[in-house]
Structure formats: C-alpha cells, structure tokens
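Architecture at a glance
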Amino acid sequence: MIGQSIPKLDAQALVTGKPVYTDDLAAYHHALIVKILRSPHAHARIRSIDKSHAEKIPGVACILTHEDVPHCRYTNSGESYPEPCPHDRFLLEPVVRYVGDEVAIVAAESEKAAARALELIRVDYEILPAVLDFTNAENNPVLVHAPNEGVFMPDDVGLDCAHNVVSRHKVQKGDLSSALSSSDRVVTGEFFTPPQSHCMMETHRSFCFPDEFGRLTFWTSTQSPFHTRRQTAAALGLPYNRIRVMKPRVGGAFGGKNITVCEPYVGIVTLKTGRPAKMVLTRKETFTATASRHEMRFRITLGASADGTLKAVQVDCLNNTGAYGEDGPAVTMVSAGNMLPMHNRTDAIEFTGTTVYTNLLPGGAMRGYGAAQSTFAIECMMDELADACGIDPIAFRLKNCAKEGDTGGILTTPIRSSSLLRCIARGREMIGWNEKYPVQQLSETRLRAVGMAAATHGSGVQNIGQAAVSIRLEEDGTYLMRSGATDLGTGSDTILTQIAAQVLNCPVSRINTRTADTDGPYDTGAFASCTTYVTGNAVIKAAESFKNRLFTWAGKRMACPPDTLVLLEDRVAMQNDPSRFMELSGIGMATMIGDNAMLEATETYLCTDAPNPFAAGFAEIDLDLETGKIDLHQFVLVVDCGKVINPALARIQAEGGVVQSIGYALYEQPVRDQKGRLITDSFMQYKIPTRLDVRNIRVAFEESSEPTGPFGAKSLGELVIHTPAPAIANALFHATGIKLHELPMTPEKVYRALCARGLNKYPRRVAQEGMH
Amino acid sequence: MFSFQDYAAPATVEEALALLDKSRKNRILGGTAWLRMSNLKLHTGIDLKNLGLNSIYEQDGALQIGACCTLRQAETDPLLCGYCGGLVADGIFNIVGVQFRAVAQVGASVFARYGFSDLLPSLLACGASVRLAKAGMMPLEDFLNRPFFRDILLEILLPAQNGIGRSACLRNSAGDFALLNGAVYLDHADCRIAVGARPQCAALARNAGEFVLQNRGSLPVDVLAERAVLLASEELKFGSNMRGSEDYRREMCNVLMRRMLRPLLGKEEGH
Ligand SMILES: Cc1cc2nc3c(=O)[nH]c(=O)nc-3n(C[C@H](O)[C@H](O)[C@H](O)COP(=O)(O)OP(=O)(O)OC[C@H]3O[C@@H](n4cnc5c(N)ncnc54)[C@H](O)[C@@H]3O)c2cc1C
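Not measured: the values here are computed from a predicted model.

1. Considerations on the overall build of chain B
- The helix and strand inventory of chain B stands at 11 helices and 12 strands.
- Relative to the globule expectation of 18 Å for 271 residues, the C-alpha radius of gyration of chain B, 19 Å, shows essentially globular dimensions.
- With the C-alpha coordinates of chain B rotated into their principal frame, the extents come out at 60 × 45 × 30 Å.
- Within chain B, buried positions represent 49% of all 271 residues.
- The long-range share in chain B, meaning contacts at least 24 apart out of those at least 6 apart in sequence, stands at 62%.

2. Section: unusual backbone geometry
Residues and elements named next belong to chain A.
- Of note, the amide linkage connecting Tyr81 to Pro82 takes the cis form, showing an omega dihedral of 0°.
- By the element assignment, Pro82 lies in the loop between β3 (60-64) and β4 (95-96).
- For the bond running from Tyr437 to Pro438, omega is -5°, close enough to zero to count as cis.
- Its place among the elements puts Pro438 in the loop between α13 (433-436) and β16 (439-443).
- At Asn139, a residue that is not glycine, the phi angle is positive and equals roughly 70°.
- Within the fold, Asn139 resides in the loop between β6 (122-127) and β7 (165-173).

3. Observations concerning the domain arrangement of chain A
Residues and elements named next belong to chain A.
- Parsing chain A into structural domains produces domain 1 (11-128 + 198-288), domain 2 (414-458 + 610-772) and domain 3 (466-606).
- Taken together, the eight residues of domain 1 in the interface contact eight residues of domain 2.
- Among the residues making up the side of domain 1 that touches domain 2, the classes are represented as five nonpolar, one polar and two charged.

4. Structural notes on the interface of chain A and chain B
- The interface of chain A with chain B comprises 19 residues on the first partner and 20 residues on the second.
- Of the residues belonging to the side of chain A that touches chain B, the class tally is 10 nonpolar, four polar and five charged.

5. Structural notes on the sheet that holds strand β10 (residues 216-220) of chain A
All names here are of chain A.
- What the seven strands build is an open sheet, ordered β3-β5-β1-β12-β9-β10-β11; its pairing is mixed. The open sheet is flanked by β3 and β11 (243-246), the only strands paired with a single partner. Adjacent strand axes in the sheet meet at a mean angle of 20° when their direction is disregarded.
- Relative to strand β5 (residues 102-108), strand β1 (residues 32-38) is paired through six bridges, and the arrangement is antiparallel. Following the sheet pairing, Ile33 is matched in β5 by Ala108.
- Packing against the sheet, helix α7 (residues 263-273) makes contact with β1, β3, β5, β9 (205-210), β10 and β12 (277-280), and its axis sits at approximately 25° to β9.

6. Structural notes on the packing of helix α17 (residues 647-666) of chain A against helix α19 (residues 724-736) of chain A
All names here are of chain A.
- Two elements in contact, α17 and α19, have axes whose closest approach is 8 Å; the angle formed by their N-to-C orientations is 50°. Put simply, α17 runs oblique to α19. For the pair α17 and α19, the crossing hand works out as right-handed. Here Val658, Ser661, Ile662, Tyr664 and Ala665 of α17 lie close against α19, whose contacting residues are Pro724, Ala725 and Ile728.
- Its residues assigned to classes, the contact of α17 with α19 comprises seven nonpolar, one polar and no charged.

7. Quick word on the nonpolar core
- Grouped together as the largest cluster of nonpolar side chains are 322 residues, with contacts concentrated most on Ala107(A), Ala500(A), Val639(A), Ile728(A), Leu732(A) and Ala232(B).
- A total of 12 residues in this core trace back to one element, the largest contributor, which is helix α15 (residues 531-558) of chain A.
- Once residues lying within four places of it in the same chain are set aside, the contact partners of Val639(A) are Cys423(A), Ala615(A), Ala654(A), Val699(A), Phe701(A), Leu716(A), Leu719(A) and Val720(A).

8. Structural notes on the site of the ligand
- For the ligand, the set of nearby residues contains 31 residues, the closest of which are Gly30(B), Gly31(B), Ala33(B), Ala108(B) and Ser109(B).
- Surrounding the ligand are residues belonging to chains A and B, so the site spans chains.
- Of all the secondary-structure elements, those providing two or more residues to the shell around the ligand are β2 (27-29) and α6 (106-111) of chain B.
- A total of four residues in the shell around the ligand trace back to one element, the largest contributor, which is α6(B).
- Considered class by class, the residues forming the shell around the ligand number 22 nonpolar, seven polar and two charged.

9. Some details on the confidence of the model for chain B
- Counting all residues, the mean pLDDT for chain B is 95, and 99% of those residues have values of 70 or more.
- Listed scores for the predicted complex are pTM 0.97 and ipTM 0.95.

10. Regarding the sheet that holds strand β8 (residues 185-193) of chain A
Residue and element names in this part refer to chain A.
- With mixed pairing, the five strands of this open sheet are ordered in space as β7-β15-β14-β13-β8. Because the sheet does not close on itself, it has two edges, and the strands there are β7 and β8. If you compare each strand with its neighbour and ignore which way they point, the axes differ by 5° on average.
- One ladder, built from eight bridges, connects β7 with strand β15 (residues 348-357); its direction is antiparallel. Bridge assignment links Lys170 to a residue of β15, and that residue is Thr352.
- Each of β8, β13 (295-304) and β14 (310-322) touches helix α10 (residues 371-389); the most contacted strand, β8, lies at about 150° to it.

11. Some details on the pairing of strand β23 (residues 577-583) of chain A
All names here are of chain A.
- Sheet topology note: the strand β22 (residues 571-574)/β23 ladder contains four bridges and is antiparallel. Across the sheet, Val572 pairs through a bridge with Met582, a residue of β23.
- Linkage of β22 to β23, two consecutive antiparallel strands, is achieved through a turn of two residues.

12. Focus on α19(A)
Residue and element names in this part refer to chain A.
- Under the 1.5 Å per step criterion, the end-to-end length of α19 is 18 Å for 13 residues, consistent within 8% with the ideal 18 Å.
- With respect to burial, α19 is a largely interior element, 13 of its 13 residues being buried.
- Positive backbone phi, at 80°, marks Gly737, one or two positions downstream of α19.

Basis of the calculations
Residues numbered from 1 in each chain as written. Chains lettered and ligands numbered in written order. Predicted model: local features only at pLDDT ≥ 70, side-chain atom pairs only at ≥ 80, totals over all residues. Helix = DSSP H or I, 4+ residues; strand = E, 2+ residues; numbered from the N terminus. Rg over C-alpha atoms; globule rule 2.2 N^0.38 Å. Buried ≥ 20, exposed ≤ 12 C-beta atoms within 10 Å, placed from the backbone. Contact = placed C-beta atoms within 7 Å. Domains from an automatic or database assignment. Nonpolar A, V, L, I, M, F, W, Y, C, P; charged D, E, K, R; others polar. Pairing = 2+ DSSP bridges. Axes fitted to C-alpha atoms, helices over the stretch in contact; angles between N-to-C directions. Parallel < 35°, antiparallel > 145°, perpendicular 65-115°, else oblique. Left-handed = near helix turned anticlockwise from the far one by under 90°. Core = buried A, V, L, I, M, F, W, Y, C linked by C-beta atoms within 7 Å. Near = placed C-beta within 6 Å. pLDDT = per-residue confidence, 0-100. Expected span 1.5 Å × (residues − 1).

This is how it looks when you write it as structure tokens:
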C-alpha cells in the first residue's frame, strides 16, 4: 500500500466534470449573488456612501456599508490560535488601505443586478497619501494603521503601528563579528524578490446557507475549515457553534486560499437576509484583492575560511505585508526557520527580520512561505562564496550543508533523517554536471550552463499543527474514516486513505474517507506542508487504536488474547491458526446492536518535530548572448521527503513546484502603476509558464526514513518550489559572472548585465568597418 | 466580460454594413477572444459567418484570405504554408496556443491593428492589401496609416510573388505578447522589412529595404546586413511599456533583423 501509485480516489469525478466544487454545490440553492465594491484608491477615508440609486435596481436584496455591519476586529489568516497575526481588519470600515480594499457589499438575485448596483453606488473619498515603497515604510509619516485604533496581535511579535512595523524577528547562534573577522573570504549582496500570484485554476469562492437550526453553513473553497470558522465567527461576532464550514473539492490553492476573503461577506448576507448566498471572485479580484507572495528584500553577508568552510551567515530581511498583516510575521519567521537549518553547521548565524505595512495588496501564504524568497537569496550567495573560495559549488555544499544527526544551534529538534548528500550526488549525475559545468559555448551567440541549489523546509508547524482522526467499523465491516484534513487537489485524501489501509491491512476501497468539515474531527488545515506528516501520523494513531479495541472485542468472543490476533482484509483471525476467525461484517453488525461497544477510535497527533525535508535542484540553461533571454533547457530535482507514500502524487507535486518557481525566476512580475494599482490583473498581462516554457523537468526521489514520520515520510509540497530560481540564477552566474539579485530574470535585465560586462555579442564593429 | 443585447448574422455585406452604421454600439463579432476581455455593453453583435469569408484561395498566384478564417486555419493552410517560405504562417505560430488560435480570426486581428500583432509584420512584408466593405481595396500599409474608422474587413490579399521571407520575435515568455517582432521579404526586385510591437503597430523600414536592394552584390553579406539593420533601427520609432524599454527594443531590433536578413541574403548569394 505504502509506496504505490494509487490513482487519486476522486480522479474520475474531477476529470469527468462531476459537480463537486463549491459553485457546483450552490447551483441548486437559488443563492443570492454577493459582490464587493472595492476601493480605487491606495489610501482614502470614506466621507459618505450613497446607495439610494443602487438599491432601486430590481433584484437587489441588500447593500451593506460600514454602517450596517458588526465592528469586530479579526484577521483573515488561516493560522492557529493564538495567531502571530495582527487583528487589523473590520468587515468594512470607513478607511480603505489599498486598491481593492472592500467598501460595500451587494447581494442581488442575479449577477446582472449585482453588477449594475455596484456601478450605481456613489462613494465620496478623501484621498490620503499612501505608502507604496516598502523599503520606505518604517518611520514613514504616513501610517497604514493608526496606533490607537485597537489593532492587536494575540501572539504579539513586535506590532508597532506608529512605525508601520508589524513584527520583528531575530535568530542567533554564536558570535557573528568574530566569525566574520576570522573569515578569509567574505561576500555580501542585496536581493529583491517580487510578489507572486498563486494563479490557482479555481478563483476564490464561498457559498453559505442557513441550516434547519439557522446555523450559517458554508461550502467554501478554503485550505483550513477550522480557521475559517474562527475568523468568520470573529468578524461576525458569532459563537463557533453557529457556524459550520465544509470544504468540497478545491481547484488549487497554493496558500492563496488560507485566508477568509469571501466567507465573512457571504455570511453577513445570509445573516441579514436569511437567504443562501454565494460569492465567486473574478480573476481580476483574485489578482488584485486577495493576497500574493510577500515581496522581500534581503541583505546577506557570508564568511568562509580559504578552504571553503562556511563560518558566518548574516541575513537581514525586510518583508512587505501590504495593507493587512495576515501572514506577514509568520512569513518573516519562516524565511529564517525553514532556510537556516541547512547552514546550522556554521560557527555563527544572525538573522534579523522586519515586517512592514504598506498601502499595497496584502501579502499572504504562498507555497514556500518566506523560505522560497530566502532560499533564493542565500543559495545565490553560497555560489558567490564558493566562487570566492575557488571551490566547485557542489563540493562547497557537500562540505557545509546540514547532515543527518546534526543537532543544537538554531535547530529546535535534531535532524533525524537526511539523504541530501545522495540527492546532490544523484542530481549531479542526472544533469551531467561533470561534463557540463560551468559552461559550454553552443554557438557564437549561445551559451549553455548549469547551476544548482539545495534547500530544506519543515513538515507542519512545530507544537501548533495538530490533527484528530476518527475511524469506525461500519455494520457491513467496511470503515469510515473522518478527519479535518483539507485536500486541495493535491491528493491528500488518497494519501491518508492509503496510510489507513496500510495499518488496517485492506484495500483503499474498503475505507470511506470523509474530510474537512468543522462538525467532524479537528485539523489545522492544509498549509505548512503538514497533511501527510501531521494528519498522516494521526491516521496511524487512530488506526492502531481502533485495531486494539477491535482485537480486545474479538479476543473476548474468540476466547484468545488480543495480541494473538491479526487483522486481514475482511476478518480478524488468529495469527497461528487462520481457520479461527471472525468476519468484520459480523463484528460490525454485532457491535452496532446493543453491545455497548461500537468500535470507533479517535486519536489526536500534535506535531512536535516538524522535521526538515531536503532537495537538490539542478538547472541547465541556454543563454542568448544577443538578447539576454534564458531558456531553461532542463531541470532536475532530487527530493528527500523521507518515505514516498504515493510516487505518482509525489512526482506531480514536485513538477508543479518546479513550474511555479520557473515563472517566479524568469517572468512573473506584478506591475503597479504610480498610484499603487496592480495592472497585471489578468492572465494576459501576468504570465505564468506554458508548456512551451518549461521543457524538460525530471524528478527523482532519494528516500530517507524519518523516525517521527508516518512510515518514514516527511513533507514535500513547499520544499519543491525552493531550488529552481536560485539554480537558474547560479547557472547564469557560472556562465557569465553576472550576479542578478532581483527576480524575475527577464531578458532585458540579463541583457543589461551582459552589456555591462561586455559580453553581449555583435557590437557595431562589423557595420562600422563596412563604412570605412 | 462584454455583452450584447441582439445578435444578427446578416446574409449580405450590405446588410452587415447597414447594421454596423445604425449604431455606434453595434459591433462586428470575430472570434470574440479579444472582445471578451472587455466590459463593453453592445446593442447588436454582428456575426459575419454567412458572408462566405472563411476560406483561403488562390487566383493567378495571388492569395485571398477571408476575414473569418481562424488563425489556426491560416497557420495550417497548405497554400499559406507554401507562400514566401511560409512567412505568414510562421508568425501566427507564436500566438498563445492552438485552442486560442482555433477561435481568433484573421480579419479581426488585422482590423484591430494591435501593436503587438504577430500577423501584421509578415503581412506588411508580403506587401498585402486589404479589401474593406466601405473603403474598398487599399494597401495594408495605407490602412494602418489611416486614423481608425468603422468598416468591415472582408479579405486580405497577398500578391503573386515567389521570393522568400522570414519572421522573428522576442518574448519574455512563450505565452506572452511579443516585446518585438518582425518579418523580412526578399526577391530579385523587392526587399520589405517590417517591425512590430515597438510597442506601436508594425511598420515598414523603407530605407533599410532600399539600401539592401541597391547594395546587394556590391557589399559582403555581413556588412550589407549590418548596415541595413542600423538604418532600420534609426528610421523606426520605439517606445517603452512593461514588457521592455525603448532602448532595449531598439537594440533588439538590430538583433532580430540581423537574424532574419543574414540567412536570406546568404541564401541569395549562394545562388
Ligand atoms: C489573451 C490574448 C492574447 C493574445 N496574444 C496575441 C499575440 O501574442 N499575438 C498576436 O498577434 N495576437 C494576440 N492576440 C490577439 C488575437 O490574435 C486576435 O487578434 C484577437 O483576439 C482578435 O481576434 P478575435 O477573433 O478574437 O476578434 P474579436 O474579439 O471578435 O474582435 C476584435 C475587434 O475586431 C472587430 N472585428 C472583428 N472582425 C472584424 C472584421 N471582419 N471587420 C472589422 N472589424 C472586425 C470587433 O468588432 C472587435 O472590435 C491575443 C488576444 C488575447 C485575447
């Protein structure tokens, strides 16, 4: 069962277009259509709103402004409580803080009426100066959130509204200044990483109806039903038992759906009207009014001895969280926490991070969560340091990287498993490093070069991520497994079923897996690469606990000690005499009727370790010296995610992560106008990779065995996005000496750098010679 | 998303014109791939499907492309693929993807005069003409130079000729608009060089073309190409947008032109 490529259990339903997504489920409910009027200004105070014309449109059910809704502080982040997130939102308020911020809610019988009403609402704005440059946010006279307005952070990590600062973070090991002064080689660099849009296929959407007890019941496209319930309850001022959140199939999320951007708005409409209501964001809204990857700046200094031993790592990080704090502080922390473990062997580490507010689209969770940004910066610097030491970048990493058994320093738990050294060796082989490094001249105008990067991440959130799983024997001897885990299209429902089937020794078809319903068992949700590791562990615990109860029950009936029994597909049998058995169907019937012994077990698993997975990525690029265009010829990713539970699902996760990073590396670039409006608000202007761009992606796994993981597994989902951007940048560096520290590496930027080094081919010489 | 209240599929060009002239809120519908990106609220959408404008045919070596042909149809048409070394078909290949090209139409692509168009440089280089319902026949270049006017594009005409051409483009990513594109046509009597996505609409570099014609044979290919390239980037205007700056475009114009011209001139020399 474990290690088999079982097809996704919902694959047929998805590819044959069955109605299993949020909007499909709303179809039969005659739901009101909810739309949001959004701010055209980056920062403004609303003087007045005139909704009288809009309310006259036939079919308009209600129009709500800040005067009509509860004023309860909340955060829309899908983090566990107590969140390190500022509660800086109201459902609606008379101040707008970025272009896209919510101004009014319209609910109408039809799409058309709602759209028309939006056009007729008149808003009088007093336009305020705005903070549009995050490097200039701290100490800016313009404040995004006034200090005396009740913004608070349940887990306060440095909120300081008077300076536009949301959090400060520091990580330290050893004595940095002496480590630097005793280094023979020191390199420094400044890096900028842009925001990135998630571009999930299904935009954000939510559907809400009152159940027979008047409870708000949601079908919603979210990553964390329980956090969605908590934040929605906070925004609406309701007790949790008045809200139920269920997640149907989700058409992709990538972190983008770990925020409650729809639920409180449809919820308030259902509260006010008593009617089912749904909201489906347009693609433009998804680009401009949800969240994007945090924009960051890193200043890095590294030191090494002449023999290439890494001695000092200093990183300063500035993180732009936009108009609302959401995941900002956690992203700053994770940019340290899921990157630094790789370099823990060094004498000294100092990481300082600051999260700032601006009047821009909020940053939010996105695959990689800060570590994608910091890994790009640090891995580029590592190659520059290796170069300064005159050492091959692979040799440099083999020498300095984290290894199995490492402990202490900035590590919160020992590294109990790592096959990183094997990953690097395998990738080196697959890409043909020895023949290709550093560069080949393909023609007068084309170079081919290789570069690599190594990365780590975490598996779940240490001491916070928690999952409960419940397993029950049904009357016919099949199983019901319930969990709060949230399958986003990743296939996690399949993985969890596979894990249960392994313990219960049966095919997956025997298990009915129900997930993601707040009326069922608790789960943190699908973020921080946690589902296989955290919920997977809870599945094992629950299945083992269930088996114990089953054996105890059967042992009594069969007059034998429980530990002499084994569980087979459809029966419990004696280990050394299989002819003595009880069928599960019989047991199911018997325990359901009057035996005071229904066989069900619920167990909880708390993520105490969050072990580091590892990966090595290798890029082979073609560089056009005349245009500066980089074509990615092939990318090789070798992953240590511990035990691979389902190779097919693991491979597509890895390929998807690589593709997302290729876009990040080469051309995904949100562009804003001077007033802070995002103009790359469609797939026509914001370009993600197409099949023609990605060419050849090759993925391999080097398994390790994580002692704390379910059957040895660690995480995978975020790790896989880390290496492509730095590996591509490093290939460019090896080919040309160019240190491009600002993503994306567009042809024009590369061309300028080539010109600066005199490497662009074809100066005007030939033509001029001809003229003499 | 755009919307319209009425839909009409007139049987004659005259009826279509009459409908178009009736209201500024009436519009011709091509494949509507572009229209759907807008929020236009229209009265009548006019579908040209009954006007027999969806084929490509040959008359005495000249080709006529109906306005309602899809980009995909043009790209895979044997006549067009054989015309001037496949110059027109080659340019189309770069537009978005096959599904998209199976919808978007040639007539709309030309009439709308998109700056980024991958079709216009090759059509200009071929010396194409357009036939409009009201304004009649005119060279494509004249059409592009006239201020925008309401009309219906019926056909694109490519003259009988047997030279060869090449097109080239530069994109930040494969699915994006070109940040620069161009096409060159060459035969014994003509050399037409067109550059588009500057980001302004495609235009002919006449001086460069003249220079090639006058100096071919007397200058070595390398030198001839380089000097023509310089002339072209001097006579054409360039601008900046988020895909590239003016300077970069000018310099890339040199690169793309060189890449198109040298093989063409080289081939000629080899004859
Ligand atoms: C996302 C996207 C990416 C694109 N990328 C590229 C690219 O990289 N390169 C490129 O060259 N092109 C590109 N295009 C443009 C595309 O190739 C088409 O030119 C465009 O979609 C218009 O064709 P259509 O059939 O969709 O026209 P429609 O959307 O139907 O019409 C466009 C306009 O032309 C008018 N019109 C249509 N037919 C006629 C006619 N016969 N006479 C007069 N007016 C008419 C319509 O009234 C309308 O105003 C892109 C378009 C989109 C939407």
